[in-house]
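# Residue-level structure breakdown
Chain by chain, the residues:
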2 protein chains.
Amino acid sequence: MNDKTDTRQQILEAAMNRIVHYGYGKTTMSEIAGDCGMSAGNIYRFFASKIDIAEAMARKFNLELYQTYAEIAREDRPAPERLRRVFEYGLTHSYDAIEKDAKILEVAEVLQEERPLFFNEGLAQERIYLNQILEDGVAAGTFAPITDTTFISEMIQSALMKFRFPQLYSLLTLAKLKRELNGVLDIIIAGLKHGVDITAENKR
Amino acid sequence: MNDKTDTRQQILEAAMNRIVHYGYGKTTMSEIAGDCGMSAGNIYRFFASKIDIAEAMARKFNLELYQTYAEIAREDRPAPERLRRVFEYGLTHSYDAIEKDAKILEVAEVLQEERPLFFNEGLAQERIYLNQILEDGVAAGTFAPITDTTFISEMIQSALMKFRFPQLYSLLTLAKLKRELNGVLDIIIAGLKHGVDITAENKR
DNA sequence: TGTCTGAATGATCAACGAATTCTTCAGCGC
DNA sequence: GCGCTGAAGAATTCGTTGATCATTCAGACA
């Protein structure tokens, strides 16, 4: 059993090494297999397809993200500050990763194309931490009461969509992005403090 | 003088007819010229290049948009309602256009690729109407005072980025999009009513 | 029996010449 | 001169062909 996960890890690591260096398209299954001293066919006992390796890569990346989100959500700071820190960390983490290895942008693109639902998973996970922060903020009296926390989290994610897709922001510097992110958050946080009247059709 | 603009209009119209039907890539300069009873070379006395025809198409589309924005901005309604109407109209107008002729999505893509700055023009134009509505709202006491109206307009545009690019939203139904748009606007409007504290670095 | 290989298969990609298309411009008719 | 054409040139796309690659699987090995 541990053998299996070990081999899987080994494949994943070999794949990541090649992919961050040469890109997803230029990395072949035979090369990955060669690095692991096995045949290409054997990889398929551990990953159903090449795109699944990319997905595993992204999952590993996200895991780091979620851990930090969890930490930030638990921090002893006002809710608005934690909200800012979550999104600023997410932006910085992705931006730095792309700056370091430009090839991972290709991974993101391939994944968006071939596993569109994968991103929803990440959004749902992120919402868990957002909900937590929002509820804390309401409990502390920093935010006005919220009827539907998940709905508000979704709307916050929607408003910050621009800072999530490297293809949308890759022209801007990180400093500019952060400033813009905080500008949008200024408005959102003001709204949360005051209390949001939800449009009739959106009430649940 | 009027001859010149007439011929230009004729070319533009012929081009639009073909492009909405067959797409930008599948429409050739000779075909457009043929429809106008002229040679391909002659088109270049009216348009510097093929992509300029696409830009002219988009400009015509935007002109309609701006006229309606201007009307909405002038309406005798509360500022929040006008804000909603501007963005809802923009979304609906684009959505309907694409639904009617799917080929215009290609025009948008080519334009985004080859004339990336063109979109900034549109954003700047839209901000004129947003600024107007925001200032009205402040004057009427509906919105709290705003230090930098243009900055707030920019942040609103940033938060509503998702509803601007068909490539981002083309999977969702118009009804869902409108609901989500109004959800984000719920938060933004709440923030504007309450008053937005601008993060230190963003103060001008 | 459980692992793994390596050949077979079909899909995708790259290369490259041919064809099409965009763009320019010398010159023609008015 | 003015407005336009049509041929020439440059750039791009297209279609074909050969190679590479992802994926499968029968069977070898242990």
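Please refer to the structure placed before this passage.
Each value, and the rule that gives it
Residues numbered from 1 in each chain as written. Chains lettered and ligands numbered in written order. Predicted model: local features only at pLDDT ≥ 70, side-chain atom pairs only at ≥ 80, totals over all residues. Near = placed C-beta within 6 Å. Helix = DSSP H or I, 4+ residues; strand = E, 2+ residues; numbered from the N terminus. Contact = placed C-beta atoms within 7 Å. Nonpolar A, V, L, I, M, F, W, Y, C, P; charged D, E, K, R; others polar. Expected span 1.5 Å × (residues − 1). Buried ≥ 20, exposed ≤ 12 C-beta atoms within 10 Å, placed from the backbone.

## Here's the deal with the protein's contact with DNA strand D
- Near DNA strand D lie 13 residues; those nearest to it are A:T28, A:G41, A:S49, B:G41 and B:N42.
- Taken together, the elements giving at least two residues each to the surface near DNA strand D come down to α2 (29-35) and α3 (40-43) of chain A together with α3 (40-43) of chain B.

## Looking at the interface of chain B and chain A
- Taken together, the contact pairs 25 residues of chain B with 25 residues of chain A.
- Taken together, the elements giving at least two residues each to the side of chain B that touches chain A come down to α8 (149-159) and α10 (174-194) of chain B.
- Broken down by element, the residue count for the side of chain B that touches chain A peaks at 12 residues, all from α10(B).
- Here the side of chain B that touches chain A is composed, by residue class, of 10 nonpolar, 8 polar and 7 charged.

## Quick look at the protein's contact with DNA strand C
- As a matter of local geometry, DNA strand C sits amid 13 residues, with A:G41, A:N42, B:T28, B:G41 and B:S49 nearest to it.
- Of all the secondary structure elements, the ones that give two or more residues to the surface near DNA strand C are α3 of chain A together with α2 (29-35) and α3 of chain B.
- Of the residues in the surface near DNA strand C, the class split is 4 nonpolar, 7 polar and 2 charged.

## Some thoughts on helix α5 (residues 79-100) of chain A
Residue and element names in this part refer to chain A.
- Here α5 contains 22 residues, and its C-alpha end-to-end distance of 31 Å stays within 8% of the 32 Å for a straight helix at 1.5 Å per residue.
- By the burial criterion, the buried members of α5 are A79, P80, R82, L83, R84, V86, F87, G90 and S94.
- Considering only its buried residues, α5 is in contact with α4 (50-74), α7 (118-139), α9 (166-169) and α10 (174-194).

## A look at the environment of B:Y129
Residue and element names in this part refer to chain B.
- Along the chain, Y129 turns up in helix α7 (residues 118-139).
- In this structure Y129 comes out as buried when scored by C-beta crowding, with 22 C-beta atoms within 10 Å.
- Between the C-alpha atoms of Y129 and S153, which are 24 residues apart in sequence, the distance is 9.3 Å.
- Setting aside chain neighbours within four positions, we find Y129 in contact with Y69, A70, A73 and V86.

Don't take any of this as a statement about function, it's just geometry.
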